[in-house]
2 protein chains.
Amino acid sequence: MTAPRTIGIGILGLGTVGQGVWKHLTEKQTDLESRLGVKLDLRRVAVRDLKKKRAVKVPSTKTTRDPLEVVDDPKVHVVCELIGGTTIARELTLRALRAGKVVVSANKALLCQHGPEIFDAVRRHGGQFLFEASVAGGIPIIKAIREGLVANRFELIVGILNGTCNHILTRMGEDSLSFADALKEAQQLGYAETDPTLDIDGIDAFHKASILAWLAHGKWAPRARTLVEGIRNIGPADIDFARRFGFALKHLAVIRRDFKAGWMTVGVYPALVPNRDILARVSGVNNGITLRGDVVGATTLTGRGAGGDATASAVIGDIVDAIAALTGAANPGLSAESLAAREQLGRQVRMANLDEIVSPFYLRLSLLDKAGVSEGIYRIFSKHKVSIARVIQYEHPNQGRGTVTLSTYPVNEAKMSKVLTELRRLKTVLEEPVVLRIFSPES
Amino acid sequence: MTAPRTIGIGILGLGTVGQGVWKHLTEKQTDLESRLGVKLDLRRVAVRDLKKKRAVKVPSTKTTRDPLEVVDDPKVHVVCELIGGTTIARELTLRALRAGKVVVSANKALLCQHGPEIFDAVRRHGGQFLFEASVAGGIPIIKAIREGLVANRFELIVGILNGTCNHILTRMGEDSLSFADALKEAQQLGYAETDPTLDIDGIDAFHKASILAWLAHGKWAPRARTLVEGIRNIGPADIDFARRFGFALKHLAVIRRDFKAGWMTVGVYPALVPNRDILARVSGVNNGITLRGDVVGATTLTGRGAGGDATASAVIGDIVDAIAALTGAANPGLSAESLAAREQLGRQVRMANLDEIVSPFYLRLSLLDKAGVSEGIYRIFSKHKVSIARVIQYEHPNQGRGTVTLSTYPVNEAKMSKVLTELRRLKTVLEEPVVLRIFSPES
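Residues numbered from 1 in each chain as written. Chains lettered and ligands numbered in written order. Predicted model: local features only at pLDDT ≥ 70, side-chain atom pairs only at ≥ 80, totals over all residues. Heavy atoms only, no water.

## Focus on the pattern of salt bridges
Right, on to step 1. Inspection of every chain in the model, using the stated rule, returns 57 salt bridges over all chains.
Right, on to step 2. When the shortest N-O distance is used, the salt bridge between E413 of chain B and R437 of chain B registers 2.6 Å. Of this pair, E413 of chain B sits in helix α15 (residues 413-425) while R437 of chain B is found in strand β19 (residues 434-438), placing the two residues 24 residues apart along the sequence. Considered together, E413 of chain B and R437 of chain B belong to a single accessibility category, that of buried residues.
Right, on to step 3. The partner of E432 of chain B in a salt bridge is R424 of chain B, and the shortest N-O contact between them spans 3.0 Å.
Right, on to step 4. Judged by its relative accessible area of 42%, R424 of chain B falls in the partly exposed class.
Right, on to step 5. Here the residues in one salt-bridge network are K143, R146, E147 and D321 of chain A together with K143, R146, E147 and D321 of chain B, joined through shared partners. (Salt bridge = Lys/Arg side-chain N within 4 Å of Asp/Glu carboxyl O. Helix = DSSP H or I, 4+ residues; strand = E, 2+ residues; numbered from the N terminus. Buried < 20%, exposed > 50% of the residue type's maximum accessible area, 1.4 Å probe, protein only.)

As structure tokens, then:
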């Protein structure tokens, strides 16, 4: 292999996503280099305004106003196109691809409108065009369809692909806000643009849906044959109907394929989703996609669908794939370098001690039915400063025993172990206590 | 590249998963060959009993009782180890790896107990060991951690990794079955073994959890430092407490990492999960895993965690990755061959006509408040044979108008379009009707 051992990376655009990519790439550079067995050279970033204040500091020697200084630099192997739009972005993308480079893109509109031209350039010049970041932010949905679930034909792909719509509908459905108020809030929170048309009229979701449809079925859905509807018309009567009959109102992208009849449909519209469906539980700015494959059955992926960091996660995933391809390591996660790096990583970890593992607990105690029993129990909790959150006590008439179920505030395993040892010693505790942890993502 | 243009595949074991792999590989062979630009040769399958009746027919010229005829065949490049256990499976795996072959494995116990030895053989002899099928069936969780989310460090990985436990707990929680009855049912349905110990005592989930912990953190969790609990002790009082306070009872695998303090914990135990958490909604034999990464935030993957077909989907995904690596195509989904294959695929698809797209509909109509108005509306539905499922009618006092919200049974878009055209023509319909589709995965 004569692959370059130093990989040059260039970034076009330093908005939210560009800044996220710069930040996390520099933070993880050492780790990625040891996994990939290459040096990474973050060579150059093209920006519109050199003077603009940004949360991320890029050395001024690395910034330029001329995107061609990024694209044409022979030492830049991977170009991240994060400027958006379909004019300059298209020119720069094609220029990089025609030089045989890798382009990593978050640009759904570009791919959707110029997909055939882009992939033609890939084929002719041996580069790559990677676009995990274009659909559903950090959720690795492109990779799932393209690689992990490659054994499948997908008769149904259905997803919540626009976080702005989902945030608005969640607020309307769960908190009874009006559409206008929910939109205003989304704008204040930065989830919706000042001109929210692309999001709330379904155009953004249409772009993403057609990318998924093309990936799964090889065909670009013509806009004219696609139902594209937004959420402007949703009102309280609709929310009410949905709630009464066990539905959630969601803005869906639905791609169906009938393999026998030979057709596919792509539709983007607000819909009533049965509450039992996992997509009904995808709330706020999250995205979620269910793939129904003929081999795997239904698989659902959910997570943050937008935002600089989540999208940067996808961009970096693509960069790593691209580098693996450039250097001939097909499984970046399991190359010899990566195995060595993982081993090295493992040496820095120890198993936690019991006083470092914290969660709320649930206990079920079987108790002698006698005066003063409860007091004896609670004295032990209080002695170890374990606070009790909830209690349900049952009597079992004529059996001379009762049941107490209770939950605690977060406490470490070592302390809970001491509490349990003392509880077991009590003559009034009749059986081995049942102990469950309460899962708390926050603790 | 001197990569082989015919890739030989051998299978060890023809149980549920082995049969699934054979079935779907043969069905998808042409498609996979054109995507990958190679010929696939399903050379040989080692079975314990040549005479056994199976749902899948493998030509007798391809079956053998001697697994070495598979492993040692120089024309077999990819060995799928699907026999399970840790003795013969270990010998065969190491033998194949020492010959520099690719081993694709669904064997969690083997990987968990002999991981270092296996990867040492990979490194020394240049083969590959791929194990997507070992955790969470068809859900591409290994690939997500290893590749898609490679930019992330994972402070939390939490999952429902054992479908048997989840089925039992779902039935106890939602349908108030006793543990004994739920277990019995799981056994009758084939979800639990006659000896269910590995599943319900948490050993199976522990194996899977330690694979995920190793993948994310590079360290094999020692059994002695891991909390491993099953679900035998769960009773109605626990279910009741959970229900009252907004929790679901789930058997979880929890891997936490504190990057500052330098520790990780691995625990496998029944826990109370808040209903708002998406894992609380993963029911029946499904699996679900939430990854919380420092870049991407929380991402959740759910789907069927076991079964021949779902697991076969993962095995075939790994086979395709392995072939891409062998032939130097790093992105199987976007190689020139694959792009051409996708284009070819696209030529076989047309966009559906409106009479082929079917779903139930929801309508909101604003109506003049006058006798006979409803009849006029319903006459149109009845004329087009569209059945109405649910109606809510409101009056708006003193406004001279009312609102009708209703849902229909499934109907095609063309027919609904005719209904809407006629409704719009009525003088009693005061505003443009609001039309929503009802998402129905079944239709």
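## As for the domain arrangement of chain A
Right, on to step 1. Its domain assignment divides chain A into domain 1 (6-137 + 309-347), domain 2 (141-305) and domain 3 (354-437).
Right, on to step 2. When each unit is reduced to the centre of its C-alpha atoms, the spacing between domain 1 of chain A and domain 3 of chain A is 55 Å. (Domains from an automatic or database assignment.)

## A few points about the relation of the copies chain A and chain B
Relating one copy of the chain to the other requires a rotation about an axis plus a shift along that axis.
Right, on to step 1. Between the two copies, chain A and chain B, the superposition gives an RMSD of 0.1 Å; the rotation angle is 180° and the shift along the axis is 0.0 Å. This pairing of chains is accounted for by a two-fold axis.
Right, on to step 2. When the interface residues of chain A are mapped onto chain B, 100% of them again lie at the interface, so the same face is used by both copies. (Least-squares fit on C-alpha atoms with pLDDT ≥ 70 in both. Contact = heavy atoms within 4.5 Å.)

## Description of the sheet that holds strand β6 (residues 128-130) of chain B
Residues and elements named next belong to chain B.
Right, on to step 1. One open sheet holds the six strands; their spatial order is β3-β2-β1-β4-β5-β6, and the pairing between them is parallel. Two strands close off the open sheet at either side, each with one partner strand: β3 (63-64) and β6.
Right, on to step 2. Judged from the four bridges that link them, strand β1 (residues 6-12) and strand β4 (residues 78-81) form a sheet pairing that is parallel. Bridging from a neighbouring strand, I9 pairs with V78 of β4.
Right, on to step 3. Across the sheet, helix α12 (residues 308-327) is in contact with β1, β2 (39-46), β4, β5 (102-105) and β6; its angle to β5 comes to roughly 165°. (Pairing = 2+ DSSP bridges. Axes fitted to C-alpha atoms, helices over the stretch in contact; angles between N-to-C directions.)

## Brief notes about the packing of helix α6 (residues 163-175) of chain A against helix α7 (residues 179-188) of chain A
The description of two packed helices rests on the angle between their axes and on the distance between the axes.
All names here are of chain A.
Right, on to step 1. Relative orientation of the contacting elements α6 and α7 amounts to 130°, with a least axis distance of 9 Å. Classed by the angle they form, the pair α6 and α7 counts as oblique. The hand of the α6/α7 crossing is right-handed. Here α6 contributes H167, I168, R171 and M172 to the contact with α7, which in turn contributes F179, A182, L183, E185 and A186.
Right, on to step 2. Residue composition of the contact of α6 with α7, by class: six nonpolar, one polar and two charged. (Parallel < 35°, antiparallel > 145°, perpendicular 65-115°, else oblique. Left-handed = near helix turned anticlockwise from the far one by under 90°. Nonpolar A, V, L, I, M, F, W, Y, C, P; charged D, E, K, R; others polar.)

## Here we look at the interface of chain A and chain B
Right, on to step 1. The partner chain B presents 131 residues to the 130 residues of chain A that form the contact.
Right, on to step 2. Counting each side, the surface lost to burial between chain A and chain B is near 11000 Å², with a carbon and sulfur contribution of 61%.
Right, on to step 3. Three residues stand out in chain A for area buried against chain B, namely M351, R437 and F439 of chain A, and they jointly supply 8% of the buried area on that side.
Right, on to step 4. Between chain A and chain B we count 10 salt bridges in total.
Right, on to step 5. One salt bridge in this structure joins D238 of chain B and R364 of chain A, with 2.6 Å as the shortest N-O distance. (Buried area = accessible area lost by both parts, 1.4 Å probe.)

## Some remarks on the nonpolar core
Right, on to step 1. I141 of chain A together with I141 and L291 of chain B are the most contacted members of the largest nonpolar core, which has 116 residues in total.
Right, on to step 2. Ignoring any residue separated from it by four or fewer positions in sequence, one finds I141 of chain A in contact with E132, V135, A136, L212, I289, L291 and L301 of chain A. (Core = buried A, V, L, I, M, F, W, Y, C linked by side-chain atoms within 4.5 Å.)

## Describing helix α13 (residues 336-347) of chain B
Right, on to step 1. A rise of 1.5 Å per residue sets the reference length of α13 of chain B, with its 12 residues, at 16 Å; its end C-alpha atoms lie 17 Å apart and thus fit the reference within 8%.
Right, on to step 2. Along α13 of chain B, the residues that are buried comprise S338, L339, A341, R342 and G346 of chain B. Projected down its long axis, α13 of chain B carries its buried residues within an arc of 160°, all on one side.
Right, on to step 3. Taken together, the buried residues of α13 of chain B touch α4 (108-125) and α9 (203-217) of chain A together with α2 (29-36) of chain B. (Expected span 1.5 Å × (residues − 1). Arc of directions from axis to C-beta.)

## A word on the packing of aromatic side chains
To describe a pair of aromatic rings, you give the distance between the ring centres and the angle between the ring planes.
Right, on to step 1. The tally for this structure, following the rule as stated, stands at 16 aromatic pairs over all chains.
Right, on to step 2. A ring pair is formed by W214 of chain A and W220 of chain A, whose centres lie 5.1 Å apart and whose planes are at 10°; its orientation type is stacked. Each of the two residues, W214 of chain A as well as W220 of chain A, counts as buried.
Right, on to step 3. For the ring pair F129 of chain B and F131 of chain B, a centre distance of 6.0 Å and an interplane angle of 25° mean the geometry is stacked.
Right, on to step 4. Here the aromatic residues F119, F129, F131, W214 and W220 of chain A are joined through ring pairs into a cluster of three or more.
Right, on to step 5. It is R153 of chain B that lies over the ring of F259 of chain B; its NZ or CZ is 4.0 Å from the centre.
Right, on to step 6. Over the face of the ring belonging to F206 of chain B we find R223 of chain B, whose NZ or CZ atom lies 5.6 Å from the ring centre. (Phe/Tyr/Trp six-rings, centres within 6.5 Å; stacked < 30°, edge-to-face > 60°. Lys NZ or Arg CZ within 6 Å of the ring centre and 35° of its normal.)

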